[in-house]
Amino acid sequence: MPKQYKISPDSPIGIFDSGIGGLTVVKAVRAGLPSERIIYFGDTARVPYGPKSQVTIRRYAREDTEILMKHQPKMIIVACNTVSALALDVVEQTAGNIPVIGVLKAGAELAAQKTRSGKIGVIGTQATIGSNAYACAIREENDALEVVSKACPLFVPLAEEGFIDHAATRLVAEEYLSELVGKGIDTLVLGCTHYPILRRMIERITGPEITIIDSAEAVAGKARQLLGSQTMLNGGSAQPMPHLMVSDLPQKFSELYRLFMGTELPDVELVGV
């Protein structure tokens, strides 16, 4: 049984991801909830989670949650789509009485609300699309909705290379997205935390008629709503920097942080897993 502790509006929000893609969630939460303290853990030593077995992913999910629980958060946000799809129950068990929000469900709910035609596209990694979790979560909201899914495995390396406006990215994006656009979708879920970095490129190809659902923004909105309903919003005026923890310090971390967040890297704590 997890150890219980007293939470207050000043308690931090804990966010974790398999690597650093979850920084798009940190950015969205900071934009929507600027007074909140954020503790972020990126499991950079064991990324990517997608190709791993479900047993391993569930073990990692428990260990990642335990690292955040040491900081006594008032909420945990699972910024990893793979964990959201395959191990959210493990995070909830490990977190005890602390609310848990996964990017996947938040994105699915928002997509179901926004669609007008009832046709929704989902793009994500091979593991997320293979799990069919977005399609299931969207149909849980409304079983009349039609979901068209497409794995876009090259988007993550292109985002991490910083190829945001690159001709190669445009070619790859056109190849991936033309199939979805041709199927008459009016809403597109970015089902991977890296994808918001390529959002402008994606929007140029899909056009203004297709509503883009950024799971990072969706989860930030849900966090605000949930904390507000529990009178747990931090009322302070300070805008604290996020406290970053990683399990390994790749050389690219600093430049990727700049790319994802638009600011210089604050201090990073190295933690063992």
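About the criteria used
- Residues numbered from 1 in each chain as written.
- Predicted model: local features only at pLDDT ≥ 70, side-chain atom pairs only at ≥ 80, totals over all residues.
- Heavy atoms only, no water.
- Phe/Tyr/Trp six-rings, centres within 6.5 Å; stacked < 30°, edge-to-face > 60°.
- Helix = DSSP H or I, 4+ residues; strand = E, 2+ residues; numbered from the N terminus.
- Buried < 20%, exposed > 50% of the residue type's maximum accessible area, 1.4 Å probe, protein only.
- Polar contact = N/O pair within 3.5 Å; in protein donor to acceptor, adjacent residues only side chain to side chain.
- Core = buried A, V, L, I, M, F, W, Y, C linked by side-chain atoms within 4.5 Å.
- Pairing = 2+ DSSP bridges.
- Right-handed = clockwise from strand over helix to strand, strands pointing away.

Enquirer: Sorry if this is basic, but what is going on with the packing of aromatic side chains here?
Expert: Geometrically, a pair of aromatic rings is defined through the distance of the ring centres and the angle of the planes. Scanning all chains against the criterion turns up three aromatic pairs. Taking 5.1 Å as the distance between ring centres and 50 degrees as the angle between the ring planes, the aromatic pair formed by Tyr49 and Tyr60 counts as tilted. Here Tyr49, found in the loop between β2 (38-42) and α2 (54-69), pairs with Tyr60, found in helix α2; they are eleven residues apart in sequence, far enough to count as distant. On the basis of relative accessible area, Tyr49 is assigned to the buried category, the value being 1%. Between Phe155 and Tyr195 the ring centres are 5.3 Å apart and the planes differ by 90 degrees, which places this aromatic pair in the edge-to-face class. With Phe155 in helix α8 (residues 155-160) and Tyr195 in the loop between β7 (187-190) and α10 (199-206), the pair connects residues that are 40 residues apart, well separated along the chain. Grouping residues by exposure puts Phe155 and Tyr195 together as buried. Ring pairing ties together the aromatic residues Phe155, Tyr176 and Tyr195, which thus form one cluster.

Enquirer: Would you mind going over the side chain of Thr169 with me for this structure?
Expert: With respect to the helices, strands and loops of the structure, Thr169 is situated in helix α9 (residues 167-181). Polar contacts involving the side chain of Thr169 include one to the main-chain carbonyl oxygen of Phe163, which spans 2.6 Å.

Enquirer: Is there a simple way to think about the nonpolar core in this case?
Expert: It is characteristic of soluble globular proteins that their nonpolar side chains tend to be buried jointly. Counting 55 residues, the largest nonpolar core has Ile15, Ile123 and Phe155 as the members making the most contacts within it. Looking at which element gives the most residues to this core, the answer is helix α11 (residues 215-229), with six residues. In terms of nonpolar packing, the next biggest core, distinct from the first, is built from 24 residues, Ile57, Ile67, Val91 and Met245 among them.

Enquirer: Is there a simple way to explain the pairing of β2 in this structure?
Expert: Counting buried residues in β2 gives five out of five residues, a clear majority hidden from the surface. The two faces of β2 match: Ile38, Tyr40 and Gly42 on one face and Ile39 and Phe41 on the other face are all buried. Pairing analysis gives five bridges linking strand β1 (residues 13-17) to β2, with the strands arranged parallel. When the bridges of β2 are listed, Ile13 appears paired with Ile38. Once the chain exits β1 it traverses helix α1 (residues 23-32) before rejoining the sheet at β2, and the crossover so formed is right-handed. In this structure, β2 lies alongside strand β9 (residues 243-246), joined through four bridges in parallel fashion. By the bridge assignment, Tyr40 is partnered in β9 with Leu244.

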